[in-house]
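# Fold and geometry: a report
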Amino acid sequence: MKKYKFNKAVKLYLEKDTTVKLLFDDGITKKLDLKTILHLLPSDYQRLLNENFFKRGKLDGCDGIVWSRKVDLSVDTIYEMGEIVPTEKNSLNYIIGFKVKQARLSKELSQQELSELTGIDQSVISKLEKGSFNPSINFLTRIFDVLGKILEIKVK
């Protein structure tokens, strides 16, 4: 039986021209110039060549990039066709925030409920989930204990 990996995008960077760069939850960053695949896509996707339209792209959850109702792209396309590029140094905070949010949602907890269970202010949990907070290991252990997860650190 073939094992499938579902790629989850953590952070979207819209770079110059039509280049998309994505940070994935496995720590890999990939980029793809969408001009290289436009010939494979419906004609509506030609709008991506317009800089103003292109810059409106948003990460939709963690599975796709959306520009309009007719123009969207699966993150799997970037993962499969994109080239690996160096990951930015602060990217770990985005990945940790993504993992905390996923664990919280799987427990069907709001940020406020997690705040009450951990004694950590809700605004700090929000910053953590957005990747704009640099947590300590003890801080993360406290959160993951409440969420029923184990914090595992690997050094390669």
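Residues numbered from 1 in each chain as written. Predicted model: local features only at pLDDT ≥ 70, side-chain atom pairs only at ≥ 80, totals over all residues. Heavy atoms only, no water.

For the pair helix H4 (residues 111-118) and helix H6 (residues 137-146), the least separation of the axes is 10 Å and the interaxial angle reads 110 degrees. Classified by the angle their axes make, H4 and H6 are roughly perpendicular. Facing Leu 114, Leu 117 and Thr 118 of H4, the residues of H6 in contact are Arg 142, Ile 143 and Val 146. For the contact of H4 with H6, the class distribution of residues is four nonpolar, one polar and one charged. (Axes fitted to C-alpha atoms, helices over the stretch in contact; angles between N-to-C directions. Helix = DSSP H or I, 4+ residues; strand = E, 2+ residues; numbered from the N terminus. Parallel < 35°, antiparallel > 145°, perpendicular 65-115°, else oblique. Contact = heavy atoms within 4.5 Å. Nonpolar A, V, L, I, M, F, W, Y, C, P; charged D, E, K, R; others polar.)

Inspection of the entire model under this criterion finds three aromatic pairs. Ring centres of Phe 54 and Trp 67 lie 6.2 Å apart, and the angle between their planes is 25 degrees; this geometry places the pair in the stacked category. Residue Phe 54 is found in helix H1 (residues 51-54), and its partner Trp 67 is found in the loop between strand S5 (64-66) and strand S6 (72-74); the two are separated by 13 residues along the sequence. Seen from their ring centres, Phe 133 and Phe 139 are 5.2 Å apart, and the 50 degrees between their planes marks the pair as tilted. On the basis of relative accessible area, Phe 139 is assigned to the buried category, the value being 14%. One Lys or Arg, Lys 21, reaches over the ring of Tyr 13 and ends 4.9 Å from the middle of that ring. Its guanidinium or amino end placed over the ring of Tyr 79, Lys 30 lies 4.4 Å from that ring's centre, counting from NZ or CZ. (Phe/Tyr/Trp six-rings, centres within 6.5 Å; stacked < 30°, edge-to-face > 60°. Buried < 20%, exposed > 50% of the residue type's maximum accessible area, 1.4 Å probe, protein only. Lys NZ or Arg CZ within 6 Å of the ring centre and 35° of its normal.)

Judged by side-chain polarity, Ile 137, Ile 153 and Val 155 come together as a nonpolar surface patch covering roughly 350 Å² of accessible area. Tracing the backbone through its elements, the reader meets Ile 137 in helix H6. (Patch = residues over 30% accessible without salt bridge, like charges linked within 9 Å, V, L, I, M, F, W, Y side chains within 5 Å. Areas by Shrake-Rupley, 256 points an atom, 1.4 Å probe, with all protein chains shown as cover. Salt bridge = Lys/Arg side-chain N within 4 Å of Asp/Glu carboxyl O.)

Phi at Asp 17 is positive, roughly 55 degrees, even though this residue is not glycine. Phi at Glu 108 takes a positive value of approximately 55 degrees, unusual for a residue other than glycine. Among the structural elements, Glu 108 can be located in the loop between helix H3 (91-106) and H4. Look at Glu 108 and you get exposed, because its relative accessible area is 71%.

These figures capture arrangement, not role.
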